[in-house]
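Chain and residue survey
Each chain, letter by letter, is given below.
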Amino acid sequence: MQEIIEKINKLKKERRAIILAHCYQNVEIDNVADYVGDSLGLSRIAAKTDAQIIVFAGVYFMAETAKILSPDKKVLLPNLNSGCQMANMIDMKRMKEFKAQHPGVPVVCYVNSTAEVKAEADVCCTSSNAIDIVRSLNAKKVLFAPDCYLGSWVAKKLPDVEIISYHGFCPTHLRLMPDEVKKMRILYPDAATLVHPECHQEVVKYADFVGSTTQIMQYCERSKKKTFLIGTEKGVVDRLSRDFPEKEFILISDRLVCHNMKYNTLEDILHVLETGENEVFVEEHLRKLALGAIERMVECRV
Ligand code: 13P
Ligand code: SF4
């Protein structure tokens, strides 16, 4: 493994490339990543980097978001199988139909969506800022796509806003069942339970903390607790266990693995750096429209 890491790091310098990695990626990718984080953090870095090439170790919509923000950069996705099942649950046609059912209502689009869907939105959000973004609209009614579970979480936090959600969901997070959380909390009564807002509402009810992947990691770092029950993708537990060996991190269910996120390997990263293959493109007309929605999100600091 050391040999391939050295090759990647050398090529990265030669090609003026930056490697961005989501914290659901295979943990060994951190050895070559310049930044590891959640969707919002990665978008912010992609928007301001002066690298010539962005290798995005994540899923397709994340690389596409980087291309929308930095159109002059070459954006490479190490493995083109890395799609997001939730993002594929809605396309432009269905987004237009959803909007047509509620004319005049502002539209918030979770970044876990394709460029053509973002192009139809007023503003994007991620799991770490969804509540702030909806609040910033000062609207009585908001359309929210595609994740109905993140939509429910926001609705619970902002009871004065009527959230009308599309019916998308994350199959990975929905594998976590409320009973599993309940049982684990009985087994580990002193542990803190942390879950992602893409989980079932019943699961969210049991949590001591609900947040994005980076927010979950920061909570664990700051907490005085010794044991943490984690209800998000396995990559988060892998990183927490590596970074805080004095604490115990338990993945609540071993089914919490996003296989799409795991396609990217170090070999794939080396390959795209060597060949420039797997470049991600976004049609200019769509890019400009989607950029408006993403920029309104990136600029929103409530
Ligand atoms: P974050 O917003 O926490 O990065 O989550 C992205 C994601 O794909 C969750 O399933
Ligand atoms: Fe998409 Fe769910 Fe995987 Fe996140 S965990 S990338 S929402 S399928």
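Quick look at the structure, then. (Residues numbered from 1 in each chain as written. Chains lettered and ligands numbered in written order. Predicted model: local features only at pLDDT ≥ 70, side-chain atom pairs only at ≥ 80, totals over all residues. Heavy atoms only, no water.)

1. Thoughts on the sheet that holds strand β12 (residues 248-251)
Rules: The criterion for strand pairing is that DSSP finds at least two bridges linking the strands in question. Strands are runs of DSSP state E lasting at least two residues, helices are runs of H or I lasting at least four, and both sets are numbered from the N terminus onward. Any two residues having at least one pair of non-hydrogen atoms within 4.5 Å are treated as being in contact. Axis definition: a line fit to C-alpha positions, over the contact stretch in the case of helices; interaxial angles, taken between N-to-C directions, run 0 to 180 degrees.
Judged by pairing direction, the sheet is parallel, and its four strands sit side by side in the order β10-β9-β11-β12 without closing on themselves. Strands at the two margins of the open sheet, each flanked by one partner only, are β10 (209-210) and β12. As paired strands, strand β11 (residues 227-231) and β12 are joined by four bridges and run parallel to one another. Bridge pairing in β12 links F228 to F249. Against the sheet, helix α11 (residues 213-222) touches β9 (192-195), β10, β11 and β12, its axis set at about 165 degrees to β9. Sheet contacts for helix α12 (residues 234-243): β11 and β12; angle to β12, the most-contacted strand, approximately 165 degrees.

2. A look at the packing of helix α2 (residues 39-48) against helix α3 (residues 60-69)
To keep things clear, this is the line we draw: Put simply, a crossing is left-handed when the front helix is turned counterclockwise from the back one by less than a right angle, and right-handed when it is turned clockwise. Three residue categories are used. Nonpolar comprises Ala, Val, Leu, Ile, Met, Phe, Trp, Tyr, Cys and Pro, charged comprises Asp, Glu, Lys and Arg, and polar comprises the others, including Gly.
One way to put it is that α2 packs onto α3 with a least axis distance of 8 Å and a crossing angle of 35 degrees. As α2 packs across α3, the resulting crossing turns out to be right-handed. Between α2, through S39, S43, A46 and A47, and α3, the contact on the second element is made entirely by M62, T65, A66 and L69. Its residues placed into classes, the contact of α2 with α3 shows five nonpolar, three polar and no charged.

3. Remarks on the site of ligand 2
Test applied: Any residue with a heavy atom lying within 4 Å of a molecule or strand is counted as near it.
Around ligand 2 lies a shell formed by Y24, V59, C84, Q85, N112, C170, T172, E198, C258 and M261. Of the residues belonging to the shell around ligand 2, the class tally is six nonpolar, three polar and one charged.

As far as function goes, none of this settles anything; it's purely spatial.
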